[in-house]
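A closer look at the structure
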Amino acid sequence: MITFEHVSKTYPDGTTAVRSINLNIQQGEFFVIIGPSGSGKTTVLKMINRLIPLTDGSVYINQKNINDYDIHELRWQIGYVLQQIALFPHMTIEENIAIVPELKKWPRKKTKHRVEELLKMVGLNPEDYLHRKPAELSGGQQQRIGVIRALAANPNIVLMDEPFSALDPITREKLQDDIKQIQKSIQKTTVFVTHDMQEALKLADRICLMKDGEIVQVGTPEEIVNQPANQFVRDFVGDQAPTLKGHVHLDELLQPIQHNTYIKQYPTINNQVATIENILEHLKTNDQVIIEKNGELLGIINRQAIIDHLAKQLQNGGNIYE
Ligand SMILES: Nc1ncnc2c1ncn2[C@@H]1O[C@H](COP(=O)(O)OP(=O)(O)O)[C@@H](O)[C@H]1O
Ligand SMILES: [Mg+2]
């Protein structure tokens, strides 16, 4: 749906931010671009909606070169969410969300209905919030408004540039859950930039890892973790793993589970010895567990897999704990 062919970007000062990249983002996909600061993520994103002109190569949306679109037509079919909360402070929440529908000259009633529907979708009661000003909302609520404003006029594509990085960890996790849920239900093609591997692993259908303006690897979260293309990918995933919030860092869990033996003393959460109950307590339904041994990643399993495993052990008459 979005195709990059040999795309390069050199800024006027001579900085080459993106070097001859090729990409194919599928319809309905949640595509996450990750990489260190300065690796070219924002540049890639902004080239999609022509906020930054290309130096070389071509970008296509639905097989049509982006330069052949009317610029307004192009921008209106692409929702855009920024890291800094960018609501207009003097406009009400309703007016903020309604901007693009109004530009598109939607009938008033349709717009009103849409605004209310979107507020409900992110758990904000329209009656309470429609007439408030942005300053009367918390940071997390404002960013929710930023997200639904980008969705308001039913864009085909949503671009998000580190939309949650200014938020506290709890709000951030809640918004990640929301956005994943929303994207699942509306199936918008989403290109999401982050430098946080936990966020990428949680949200992505596919992850594109960038370094120095080049693509190092594109793959599903499982592929990135289990089949890292090189040491850079391994380090990038590995560095992040111990600090994953809502995930646990488990030393030697896999081995004891495979051997169907005593596991009570082996796993650690934040370097503390944990019991299997502790681990399950820490995991929400969709969480994944990064399994690492002596600094090497062995794989990812989810809560269900642990429970299945325990259930099988019980069925086999094995005593899991002692
Ligand atoms: N307007 C600009 N002029 C010159 N260099 C820029 C400009 N914008 C970004 N860069 C440089 O391009 C590189 C990639 O930047 P960017 O795409 O913002 O990376 P990221 O989003 O991954 O942090 C960096 O070296 C950055 O300093
Ligand atoms: Mg950036």
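Residues numbered from 1 in each chain as written. Chains lettered and ligands numbered in written order. Predicted model: local features only at pLDDT ≥ 70, side-chain atom pairs only at ≥ 80, totals over all residues. Heavy atoms only, no water.

1. Let's talk about the sheet that holds strand β1 (residues 2–10)
Strands pair in a sheet through their backbones, by hydrogen bonds, and they do so in one of two ways: parallel or antiparallel. For clarity, the threshold we go by: Strands pair, by our definition, only if DSSP identifies at least two bridges between them. A run of DSSP states H or I qualifies as a helix once it reaches four residues; a run of E qualifies as a strand once it reaches two. Both are numbered from the N-terminal end. Contact criterion: two residues are considered in contact whenever any of their non-hydrogen atoms come within 4.5 Å of each other. Inter-axis angles, ranging from 0 to 180 degrees, are taken between N-to-C directions of lines fitted to C-alpha atoms, where helices are fitted over the stretch in contact.
One open sheet holds the four strands; their spatial order is β2-β1-β4-β5, and the pairing between them is antiparallel. The sheet is open, and its two edges are formed by β2 (16–25) and β5 (64–65), each paired on a single side. The pairing of strand β4 (residues 56–61) with β5 spans two bridges and is antiparallel. Across the sheet, residue Ile61 finds its bridge partner in β5, namely Lys64. The strands touched by helix α1 (residues 41–48) within the sheet are β1, β2 and β4, with β1 carrying the most contacts at an inclination of about 120 degrees.

2. With respect to the pattern of salt bridges
Operational definition: Here, a salt bridge means any Lys or Arg side-chain nitrogen found within 4 Å of an Asp or Glu carboxyl oxygen. Each residue is placed in one exposure class: buried if its accessible area under a 1.4 Å probe, protein chains only, is under 20% of its type's maximum, exposed if it is over 50%, and partly exposed if it falls in between.
What the rule picks out here adds up to nine salt bridges. The salt bridge involving Glu199 is made with Arg172; its shortest N-O contact spans 3.3 Å. One end of the pair, Glu199, is in helix α9 (residues 197–203); the other, Arg172, is in helix α8 (residues 169–186), with 27 residues separating them in the sequence. With a relative accessible area of 1%, Glu199 lands in the buried category. Look at Arg172 and you get buried, because its relative accessible area is 14%. A single network of salt bridges, built from pairs that share partners, joins Arg144, Lys174 and Asp178.

3. A short note on the sheet that holds strand β3 (residues 30–34)
One open sheet accounts for six strands, arranged β6-β7-β8-β3-β9-β10; its pairing is mixed. Strands at the two margins of the open sheet, each flanked by one partner only, are β6 (78–81) and β10 (214–219). Strand-to-strand twist in this sheet, taken as the mean axis angle between neighbours without regard to direction, amounts to 15 degrees. Relative to strand β8 (residues 189–194), β3 runs parallel, the two sharing five bridges. The partner of Phe30 across the bridge, within β8, is Thr190. Contacts from helix α7 (residues 139–151) reach β6 and β7 (157–161) within the one sheet, and its direction differs from that of β6 by about 165 degrees.

Function cannot be inferred from these measures alone, as they are strictly geometric.
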